[in-house]
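What the coordinates show
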Amino acid sequence: MDTVTNRLRTLSYQNQNLIDSGLVSGVFTDGSSVHITLEKHPLANLEDLEKQIQNVLSDLGREVHISVVTIVPKIPYVNRIISVMAGKGGVGKSTISFHLGKELARHGFRVGLLDADISGPSVPQMTRSYQKPEIDVTLGKILPNQISWSNDYETLNGVFMSLGLLVPQGASIALRGPMVHHALKQMLFDVVWGTTDQPLDCLIVDMPPGTNDTHLSLLKMAKPDDVILVSTPDTLSLIDVERTIHMLNKTNTSIAGIIENMSYFKCQHCNHDSAVFNRDTVASFAEKFQIPFLGIIPIDVRMRHNDSTMPRYMRSICQQINGVLSDVCAE
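Residues numbered from 1 in each chain as written. Predicted model: local features only at pLDDT ≥ 70, side-chain atom pairs only at ≥ 80, totals over all residues. Heavy atoms only, no water.

Before going further, it helps to spend a moment on helix α7 (residues 235-250). Over its 16 residues, α7 runs 23 Å from end to end, which matches the ideal 22 Å to within 8%, given 1.5 Å per residue. Three or more residues of α7 are buried, namely Ser237, Leu238, Asp240, Val241, Thr244, Ile245, Met247 and Leu248. Each element contacted by the buried residues of α7 is listed here: β6 (81-85), α6 (213-221), β13 (226-231), β14 (255-266) and α8 (281-289). Backbone geometry just downstream of α7 places Asn252 in the positive-phi region, at approximately 55°. (Helix = DSSP H or I, 4+ residues; strand = E, 2+ residues; numbered from the N terminus. Expected span 1.5 Å × (residues − 1). Buried < 20%, exposed > 50% of the residue type's maximum accessible area, 1.4 Å probe, protein only. Contact = heavy atoms within 4.5 Å.)

Taken in spatial order, the three strands line up as β3-β4-β5 in an open sheet, and their pairing is mixed. Two strands lie at the open edges of the sheet, namely β3 (24-29) and β5 (63-70), each paired on one side alone. In this sheet, adjacent strand axes meet at a mean angle of 15° when their direction is disregarded. Strand direction decides the pairing type here: β3 and strand β4 (residues 33-40), joined by five bridges, are antiparallel. Residue pairing in the sheet places Val24 in a bridge with Leu38 of β4. Relative to β5, helix α2 (residues 47-56) is tilted by about 155°, and along the sheet it contacts β4 and β5. (Pairing = 2+ DSSP bridges. Axes fitted to C-alpha atoms, helices over the stretch in contact; angles between N-to-C directions.)

All right, on to the pattern of salt bridges then. Proximity of charged atoms lets side chains of opposite charge pair with each other. Considering all chains together, one arrives at four salt bridges under this definition. Of the charged contacts in the structure, one is a salt bridge between Arg7 and Asp59, with a shortest N-O distance of 2.3 Å. Of the two residues, Arg7 is situated in helix α1 (residues 2-8) and Asp59 in the loop between α2 and β5; the sequence distance between them amounts to 52 residues. Given the relative accessible area of 23%, Arg7 is considered partly exposed. A relative accessible area of 56% means that Asp59 is categorised as exposed. (Salt bridge = Lys/Arg side-chain N within 4 Å of Asp/Glu carboxyl O.)

The next subject is the environment of Val276. Along the chain, Val276 turns up in the loop between β15 (273-274) and α8. Residues contacting Val276, with those up to four places away along its chain left out, are Ser263, Tyr264, Phe265 and Ile299.

What follows concerns the packing of aromatic side chains. All chains considered together, the criterion is met by one aromatic pair. A ring pair is formed by Phe285 and Phe289, whose centres lie 4.6 Å apart and whose planes are at 40°; its orientation type is tilted. Here Phe285 and its partner Phe289 are both found in helix α8, four residues apart, which amounts to about one turn of the helix. With respect to burial, Phe285 and Phe289 carry one shared label: buried. (Phe/Tyr/Trp six-rings, centres within 6.5 Å; stacked < 30°, edge-to-face > 60°.)

In contact at an axis separation of 12 Å, α7 and α8 are set at 25° when each is read in the N-to-C sense. On the basis of the axis angle, α7 is roughly parallel to α8. Between α7 and α8 lies a crossing whose hand is right-handed. For the pair formed by α7 and α8, the contact residues are Leu238, Val241, Glu242, Ile245 and His246 on the first element and Thr281, Val282, Phe285 and Phe289 on the second. Taken together, the residues of the contact of α7 with α8 sort by class into six nonpolar, two polar and one charged. (Parallel < 35°, antiparallel > 145°, perpendicular 65-115°, else oblique. Left-handed = near helix turned anticlockwise from the far one by under 90°. Nonpolar A, V, L, I, M, F, W, Y, C, P; charged D, E, K, R; others polar.)

Structural data, given as structure tokens:
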């Protein structure tokens with residue numbers, strides 16, 4: 001069995017070796033055969049990986065049987081969960097979550113955005129939508145508010161939910177641990193994210209800063225298929241990102257890569273690039289921790305709120321994202 005397991009570790013899935021990725025749920029060997037069970041997401045295609053497994057075990061002289069079990073998503077009618085995390089506050093998680101949703105919607109996917117920052121929700125401001133969500137009386141669940149991303153030639157639509165929709169604008173939100181857990185659980189499972197006929201292709205979760213019980217609860221209640229990390233190119237931000245990486249590794253959560261936000265200031269008048277922090281710090285950090293570096297986003301006025309211009313930065317980054325996002329963002 002150790003021989004089989006060690007060989008499976010040489011294969012890669014979602015930026016991790018096959019065993020650590022959690023995809024393999026069982027390995028059993030007898031005198032003449034090897035039985036391997038894989039647990040996959042409903043939309044994941046494992047045909048190439050199954051061939052790789054057959055090849056890497058081909059010289060053992062045993063017949064290899066691979067069983068694939070499809071795991072039903074925990075959130076009803078949500079096919080994928082992508083969390084955007086940083087550890088540090090104020091580095092642009094919400095902006096990137098918002099524009100990632102816009103980019104996925106541009107590709108024709110049904111997108112939802114969950115503002116999981118309980119104490120500092122910002123998505124209502126970005127969407128310019130403060131209307132209190134309605135209740136589906138029949139289902140007894142919350143109907144998420146609509147997002148409209150507009151540009152010069154089309155309007156893209158999605159849905160979002162935030163605790164900021166349930167309190168007056170500017171009101172402080174002070175909840176103790178159990179109440180925070182309950183609020184997050186409600187926004188995950190008591191919201192009509194999709195239906196049988198129109199399931200949500202992707203739910204983007206804008207995570208709060210830090211690495212505490214709130215994050216562990218979210219990872220346990222609705223483990224993301226992938227996490228996108230965000231950091232500014234300064235040491236203080238990267239220290240918190242490192243803590244986040246350790247937490248994700250302990251929970252066996254896949255990391256799609258890291259984005260360097262606020263990389264430099266781009267003047268809209270002279271088009272000059274002014275470096276605010278040191279160059280290439282996030283790229284070096286990504287190399288050190290062996291996670292994909294997804295690209296840079298400067299301080300650019302076009303990234304502000306729901307501007308009608310689609311900046312090229314997010315589109316380029318979306319094309320670089322590996323793992324489960326590769327089949328979503330490819331042109």
